[in-house]
Amino acid sequence: EVFENDLSLLLKYLLNAIFLMKIRQSQKALAERNKGVDFVQKKGQGQSLVHMLSYKAKLHLLMGDIIEVEKTIAQTDKIRLEVNTVPWQASNFHRVKSQYHLYLLEEATHRSDKTALVEHQKNARKFCKIFFKVSRKVAQHRIESNKQIGVYYWLVNKQKKALSWWSKSIEEGEHMGANLEIARVFFEIGKRLQEPKSQFNMLNGVTADAYLNKARKLFEEMDLQRDLDELYQITKI
């Protein structure tokens, strides 16, 4: 701030917001992200604005504010088509867009809305594939892209394929030493294997309860209270 270094200020907003989002302090992350959006808008940095707005949409998705997610994705997509982005910037947009369509697919599945299911299955598959392709050039998102494809296959009742993709996600996470992301993959697997419709009771010789316990231990080590609250709410363990 003293030297008015735009790059350092941009990284400050970006990294603070990413960190706060990673540990699920959503309101603080959103406040930091909004400051970052204002900053890059004033500086006319279109590529960075795509990056910032993509994280903003992700935060609204975590907070369950779907109307804001849709508005922010539409705003980001418009800007994205007007500027050149590198894969690192574009991957954040494709990540939240695929997550949004997975959310819509799961909601339609719960409602047994057959008309909506056809559309949402098509969109979820399309945008998960795009995110996967982009993430091949962005290591930080490979764990998430594999996990999301696994969620897609689980929701369309191709559970064996889902388990295969989640195994890949764990492998990526272990290779990178990304305990936070691995913990959330463990939670996803344990949660899904416990569902009444699950055709499997374990993955790679590990049961649903064991995956949930693995997730819980990592969440406790990293003091991720929101994740722990979600785990206890769903599993009652």
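Residues numbered from 1 in each chain as written. Predicted model: local features only at pLDDT ≥ 70, side-chain atom pairs only at ≥ 80, totals over all residues. Heavy atoms only, no water.

1. A word on the overall build of the protein
No. 1: Within the protein one finds 11 helices and 2 strands.
No. 2: Start at the N end of the protein and walk to the C end: the helices and strands fall as α-α-α-α-α-α-α-α-α-β-β-α-α.
No. 3: Relative to the compact-globule value of 18 Å for 237 residues, the protein shows a C-alpha radius of gyration of 18 Å, a close match.
No. 4: Across its three principal directions, the C-alpha atoms of the protein cover 55 × 45 × 30 Å.
No. 5: Expressed as a percentage of the 237 residues in the protein, the buried residues total 53%.
No. 6: Look at the contacts in the protein between residues 6 or more apart in sequence, and 58% of them connect residues 24 or more apart. (Helix = DSSP H or I, 4+ residues; strand = E, 2+ residues; numbered from the N terminus. Rg over C-alpha atoms; globule rule 2.2 N^0.38 Å. Buried < 20%, exposed > 50% of the residue type's maximum accessible area, 1.4 Å probe, protein only. Contact = heavy atoms within 4.5 Å.)

2. Some points on the packing of helix 9 (residues 179-193) against helix 11 (residues 225-235)
No. 1: Relative orientation of the contacting elements helix 9 and helix 11 amounts to 10°, with a least axis distance of 12 Å. Judged by the angle between their axes, helix 9 and helix 11 are roughly parallel. Facing Arg184, Phe187 and Lys191 of helix 9, the residues of helix 11 in contact are Asp227, Glu230, Leu231 and Ile234.
No. 2: Class assignment for the residues of the contact of helix 9 with helix 11 results in 3 nonpolar, no polar and 4 charged. (Axes fitted to C-alpha atoms, helices over the stretch in contact; angles between N-to-C directions. Parallel < 35°, antiparallel > 145°, perpendicular 65-115°, else oblique. Nonpolar A, V, L, I, M, F, W, Y, C, P; charged D, E, K, R; others polar.)

3. Brief notes about the environment of Ile189
No. 1: Along the chain, the position of Ile189 falls in helix 9.
No. 2: Judged by its relative accessible area of 0%, Ile189 is buried.
No. 3: Spatially, the C-alpha atoms of Ile189 and Gln27 are 27 Å apart, while their sequence positions differ by 162 residues.
No. 4: Setting aside chain neighbours within four positions, we find Ile189 in contact with Trp166, Ile170, Leu203 and Tyr211.

4. Things to note about the side chain of His120
No. 1: Mapped onto the secondary structure, His120 falls in helix 6 (residues 114-135).
No. 2: Taking relative accessible area as the criterion, His120 reaches 13% and is therefore assigned buried.
No. 3: Each residue touching His120, except ones within four places of it in the same chain, is listed here: Leu104, Leu105 and Ala108.

5. A look at unusual backbone geometry
No. 1: With phi around 55°, Asn204 is a residue other than glycine that occupies positive phi space.
No. 2: Even without being a glycine, Asp223 presents a positive backbone phi close to 55°.

6. Here we look at the pattern of salt bridges
No. 1: Scanning the model with the defined rule gives 13 salt bridges in all.
No. 2: Among the salt bridges present, the one from Lys22 reaches Glu181, with a minimum N-O distance of 2.4 Å. Taken together, the residues span a long stretch of sequence, with Lys22 in helix 1 (residues 6-22) and Glu181 in helix 9 at a distance of 159 residues.
No. 3: Here Lys22 falls in the partly exposed class, since its relative accessible area comes to 26%. (Salt bridge = Lys/Arg side-chain N within 4 Å of Asp/Glu carboxyl O.)

7. Considering the nonpolar core
No. 1: Core analysis: the largest hydrophobic core is formed by 40 residues, its most contacted members being Tyr152, Trp166, Ile189, Tyr211 and Phe219.
No. 2: At the level of secondary structure, the elements contributing two or more residues to this core comprise helix 5 (87-111), helix 6, helix 7 (142-155), helix 8 (159-176), helix 9, helix 10 (208-221) and helix 11.
No. 3: Contacts of Tyr211, omitting those with residues within four sequence positions, involve Ile170, Phe186, Ile189, Gly190, Leu193, Leu203, Asn204 and Val206.
No. 4: If you look at the next biggest cluster of nonpolar residues, it comprises 20 residues, including Leu9, Leu10, Tyr55 and Leu62. (Core = buried A, V, L, I, M, F, W, Y, C linked by side-chain atoms within 4.5 Å.)

8. Comments concerning helix 4 (residues 66-80)
No. 1: Between its first and last C-alpha, helix 4 extends 20 Å over 15 residues, near the 21 Å set by a 1.5 Å rise per residue.
No. 2: When helix 4 is considered as a whole, its buried residues turn out to be Ile66, Val69, Thr72, Ile73, Thr76, Asp77 and Ile79. All buried residues of helix 4 fall inside an arc of 160° around its axis, so they share one side. Every exposed residue of helix 4 that faces more than 90 degrees away from the buried side is listed here: Ile67 and Lys78. (Expected span 1.5 Å × (residues − 1). Arc of directions from axis to C-beta.)

9. Concerning a nonpolar patch on the surface
No. 1: A surface patch of nonpolar side chains, amounting to about 290 Å² of accessible area, comprises Leu7, Leu11 and Leu15.
No. 2: Relative to the assigned elements, Leu11 resides in helix 1. (Patch = residues over 30% accessible without salt bridge, like charges linked within 9 Å, V, L, I, M, F, W, Y side chains within 5 Å. Areas by Shrake-Rupley, 256 points an atom, 1.4 Å probe, with all protein chains shown as cover.)

10. Notes on helix 11
Because an α-helix packs 3.6 residues into every turn, residues spaced three or four apart end up facing the same way.
No. 1: Within helix 11, the full set of buried residues consists of Asp227, Leu228, Leu231 and Thr235. Seen along its axis, helix 11 keeps its buried residues to an arc of 100°; they face one direction.
No. 2: Looking at the packing, one finds that the buried side of helix 11 touches helix 9 and helix 10.

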